[in-house]
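Report on the structure
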Amino acid sequence: MKNISERENFYPKREFKTMDILRDYYRYLKLERNYTANTLEAYRHDLERLQQYCKESKLEITDITLDDLHAFATRLHDHRIGARSQARILSGTRAFYRYLLLEGYIDNDPTELLEWPTLPQHLPEVLTTSEVDRIEDSIDLSQPQGHRNRAIIEVLFSCGLRVSELVNLRLSDIFEKERFVRVMGKGRKERLVPISDRAVSELHDWYHHRNLMKIKAGEEDYVFLNRRGARLTRTMVLLIIKRQAEEAGIRKTVSPHTFRHSFATELLKGGADLRVIQSMLGHETIGTTEIYTHLDTTTLREEVLLHHPRNRKHT
């Protein structure tokens, strides 16, 4: 086994130091922040851009200054990376340098005064309850997968789940008597979400067909399965929903996340407190949930313009 001096001769000093720091950082994200493999890979991919910039600029990753970060941000823009992707990369960079400060690798956080790219305000597409009903009513229930697809849509709309949470939902996570679903969200954070009577009814219809299937070993506890008895993928759920929305004649751009947005919007319109919505969605900060206040304001404005007597056009 090589001793430390031999390993330092094998690796260039700067690369070995950077590799060592990054290895500890990814371990921290995995073990202490409980990030999933997908999230870790996203962080790794974004930090590789910073590593490449440091290599080309002949900089130690621990010697980066605010001016260097401004130059890094400019390079992202010059490479025609979109504003949202820029913001995500810089956000990951800020998290990394906060870790370095916390662990004593650096004395000052160079990202403290780093400016973010201006993002256009984007309000998510939502469906009305009647549009959700139209999608469900368009499903062919003569096919076993029809009952599965109807249950998928109702659970998404009734519980506001992310598509990753839906495909990983297990039978043991559903507490029918208490009318709660246990959800494992981002960062492996667990939350309890109420489930409606209608969603439970749709699940029972699906279970009838599910019980007749030959289920793949190890997949027995997953709620939603494909025809081969294995759990559905996120891509498959997306295709199911897009196809069904088209068949229902919905002209909006519909994805699994659309039902999550619709769930939150209906709660807000029904008078739910923003903190309750935050808890139901599993948002880490209230700021993420506040977009629905803007969305509801937009909806209210449209309703006023459409229905107020002073706004009606006389014919």
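This write-up is about the structure you can find in this document. Quick caveat, the model's predicted, so the values are computed rather than measured.

**A closer look at the side chain of Glu131**
For Glu131, the position within the fold is in helix H6 (residues 129-137). Note on Glu131: relative accessible area 14%, which makes it buried.

**A look at the packing of helix H4 (residues 66-78) against helix H5 (residues 83-102)**
The N-to-C vectors of H4 and H5 enclose an angle of 150°; their axes lie 10 Å apart at closest approach. One way to sum up the angle between H4 and H5 is to call them roughly antiparallel. The chirality of how H4 crosses H5 is right-handed. Residues Leu69, Phe72, Ala73, Leu76 and His77 of H4 form the contact with H5, whose own contacting residues are Gln86, Ile89, Leu90 and Thr93. Tallied by class, the residues present in the contact of H4 with H5 amount to 6 nonpolar, 3 polar and no charged.

**A look at the packing of aromatic side chains**
If you walk through the whole model with that rule in mind, you get 9 aromatic pairs. Consider the rings of Tyr28 and Tyr99, whose centres lie 5.0 Å apart with planes at 35°: the pair is tilted. Of the two residues, Tyr28 is situated in helix H2 (residues 13-31) and Tyr99 in helix H5; the sequence distance between them amounts to 71 residues. There is no split in this pair, since Tyr28 and Tyr99 are both buried. Centre to centre, the rings of Phe96 and Tyr97 are 5.2 Å apart; their planes meet at 70°, and the pair counts as edge-to-face.

Quick notes on the rules
- Residues numbered from 1 in each chain as written.
- Predicted model: local features only at pLDDT ≥ 70, side-chain atom pairs only at ≥ 80, totals over all residues.
- Heavy atoms only, no water.
- Helix = DSSP H or I, 4+ residues; strand = E, 2+ residues; numbered from the N terminus.
- Buried < 20%, exposed > 50% of the residue type's maximum accessible area, 1.4 Å probe, protein only.
- Axes fitted to C-alpha atoms, helices over the stretch in contact; angles between N-to-C directions.
- Parallel < 35°, antiparallel > 145°, perpendicular 65-115°, else oblique.
- Left-handed = near helix turned anticlockwise from the far one by under 90°.
- Contact = heavy atoms within 4.5 Å.
- Nonpolar A, V, L, I, M, F, W, Y, C, P; charged D, E, K, R; others polar.
- Phe/Tyr/Trp six-rings, centres within 6.5 Å; stacked < 30°, edge-to-face > 60°.

No statement about biological role is implied by the geometric values presented.
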